[in-house]
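Coordinate inspection notes
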Amino acid sequence: MNAQTESRLIDGPVGAIELAIDRPDGAARATALIAHPHPLHGGTLTNKVVQTLARAAVLAGMVAVRFNFRGVGRSGGHYDEGRGEVDDLMAVVQSEAPSGSLVMAGFSFGSFVTSQALQRLHPGRDVRHVVLVGTAASRFSVSPIAEELRSRTLVVHGELDDTVPLSAVMDWARPQSLPVLVVPGGGHFFHGQLPLLRELVWRHWRA
């Protein structure tokens with residue numbers, strides 16, 4: 001993301017997991033873990049939406065940790081339809097944020113993995129905020145958000161998303177009474193609207 005980005009490998013369940021870490025100026029108030037889109041469709045930690053979420057986290061005074069799921073980049077292993085990817089995310093939590101305030105974010109397939117990981121983490125961990133962008137509700141069984149976390153959760157979706165229809169996200173959110181912030185004219189990858197996405201997420205995270 002910038003010259004100060006730290007790149008390294010940690011041990012994961014099936015081999016190395018590749019990380020990219022960005023830090024704010026001064027003491028960090030939380031660690032934000034950001035999960036990327038589908039590994040078989042070009043999803044990596046360098047995805048522009050993922051980088052946008054990392055920028056928002058750093059601007060909000062948090063350490064931003066992006067990582068490659070198994071089989072992507074320098075991460076070992078092979079795609080596991082979300083099951084092993086949840087284990088990968090949990091390994092990153094254990095390595096980079098074993099205690100303290102935690103922020104969870106995911107884009108597309110990453111939102112599905114994040115929702116699964118939240119079921120393991122909550123209520124044992126202090127999850128301060130959750131951000132789900134382009135939530136892959138039409139493609140995967142996205143877990144519901146725990147009632148106590150709903151007021152701390154931001155769901156952002158593009159009005160014209162042709163990868164995950166807005167209607168699918170509304171069907172997932174409706175039983176939870178979970179608000180969905182709709183970006184007018186937005187597509188799945190928010191082309192031309194990434195600065196707006198960063199602003200929306202930053203406002204949520206700075207609270």
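What you see is a predicted model; the values in this text were computed from it and never measured.

So, the overall build of the protein
Helix and strand counts for the protein stand at five helices and eight strands. Reading the helices (α) and strands (β) of the protein from amino to carboxyl end gives β-β-β-α-β-α-β-α-β-β-α-β-α. Computed over C-alpha atoms, the radius of gyration of the protein comes to 15 Å, within 12% of the 17 Å expected from 2.2 N^0.38 for 207 residues, which places it in the range of a compact globule. Expressed as lengths along the three principal axes of its C-alpha atoms, the size of the protein is roughly 40 × 35 × 35 Å. The buried share among the 207 residues of the protein stands at 56%. Here the analysis covers contacts within the protein between residues at least 6 apart in sequence; of these, 72% occur between residues at least 24 apart. When the accessible area of the protein is evaluated, it comes to approximately 8900 Å², of which 50% is carbon and sulfur surface. Separation of charge centres in the protein, based on 19 positive and 19 negative side chains, amounts to 5 Å.

Re the pairing of strand 1 (residues 6–12)
Direction of pairing for strand 1 relative to strand 2 (residues 15–22): antiparallel, over a ladder of seven bridges. Following the sheet pairing, Gly12 is matched in strand 2 by Gly15. The hairpin turn running from strand 1 into strand 2, its antiparallel successor, is two residues long.

Describing the sheet that holds strand 5 (residues 102–107)
Taken together, eight strands build an open sheet; the order of strands is 1-2-4-3-5-6-7-8 and the sheet is mixed. Edge positions in the sheet fall to strand 1 and strand 8 (181–183), since each of these pairs with one other strand and no more. With direction set aside, neighbouring strand axes in the sheet form an average angle of 20°. Pairing between strand 7 (residues 153–158) and strand 8: three bridges, direction parallel. Its bridge partner being in strand 8, Val156 is matched across the sheet by Leu181. Each of strand 6 (127–133), strand 7 and strand 8 touches helix 4 (residues 166–173); the most contacted strand, strand 7, lies at about 155° to it.

Let's talk about the nonpolar core
By size, the foremost hydrophobic cluster in this structure holds 41 residues, and its most contacted members are Leu19, Leu33, Phe67, Leu89, Val92, Met104 and Trp172. Those elements that provide at least two residues to this core are strand 2, strand 3 (31–35), strand 4 (63–67), helix 2 (83–96), strand 5, helix 3 (109–121), strand 6 and helix 4. Among all residues touching Leu33, those that are not within four sequence positions of it are Val65, Leu89, Val92, Val93, Leu102, Val103, Met104 and Ala105. Of all hydrophobic cores here, the second largest spans 26 residues; its members include Val50, Leu53, Ala54 and Met62.

Quick word on the packing of aromatic side chains
Across all of its chains, the model carries seven aromatic pairs by this definition. Their ring planes at 15° and their centres at 4.8 Å tell us that Phe112 and Phe140 sit as a pair that is stacked. Placement of Phe112 in helix 3 and of Phe140 in the loop between strand 6 and strand 7 is noted, with a sequence separation of 28 residues between them.

Some details on the pairing of strand 2
A large share of strand 2 lies buried, amounting to six of its eight residues. Two elements, strand 2 and strand 4, share four bridges in a ladder whose sense is antiparallel. Paired with Asp22 across the two strands is Ala64, which belongs to strand 4.

Quick look at the pattern of salt bridges
With the rule as written, the count across this model stands at 11 salt bridges. With a shortest N-O distance of 3.2 Å, Arg83 and Glu81 are connected by a salt bridge. Residue classification places Glu81 among the partly exposed positions, given a relative accessible area of 48%. A network of salt bridges, in which partner residues are shared, links Glu6, Arg8, Arg23 and Glu96.

Brief notes about the side chain of Ser115
Checked against the element boundaries, Ser115 lands in helix 3. By relative accessible area, Ser115 is classed as buried at 1%. A distance of 2.7 Å separates a polar atom in the side chain of Ser115 from the backbone oxygen of Phe112. Non-local contacts of Ser115, meaning those with residues more than four positions away in its chain, are made with Val142 and Ser143.

Criteria and thresholds
Residues numbered from 1 in each chain as written. Predicted model: local features only at pLDDT ≥ 70, side-chain atom pairs only at ≥ 80, totals over all residues. Heavy atoms only, no water. Helix = DSSP H or I, 4+ residues; strand = E, 2+ residues; numbered from the N terminus. Rg over C-alpha atoms; globule rule 2.2 N^0.38 Å. Buried < 20%, exposed > 50% of the residue type's maximum accessible area, 1.4 Å probe, protein only. Contact = heavy atoms within 4.5 Å. Areas by Shrake-Rupley, 256 points an atom, 1.4 Å probe, with all protein chains shown as cover. Lys, Arg positive; Asp, Glu negative; His and termini not counted. Charge placed at Lys NZ, Arg CZ, Asp CG, Glu CD. Pairing = 2+ DSSP bridges. Axes fitted to C-alpha atoms, helices over the stretch in contact; angles between N-to-C directions. Core = buried A, V, L, I, M, F, W, Y, C linked by side-chain atoms within 4.5 Å. Phe/Tyr/Trp six-rings, centres within 6.5 Å; stacked < 30°, edge-to-face > 60°. Salt bridge = Lys/Arg side-chain N within 4 Å of Asp/Glu carboxyl O. Polar contact = N/O pair within 3.5 Å; in protein donor to acceptor, adjacent residues only side chain to side chain.

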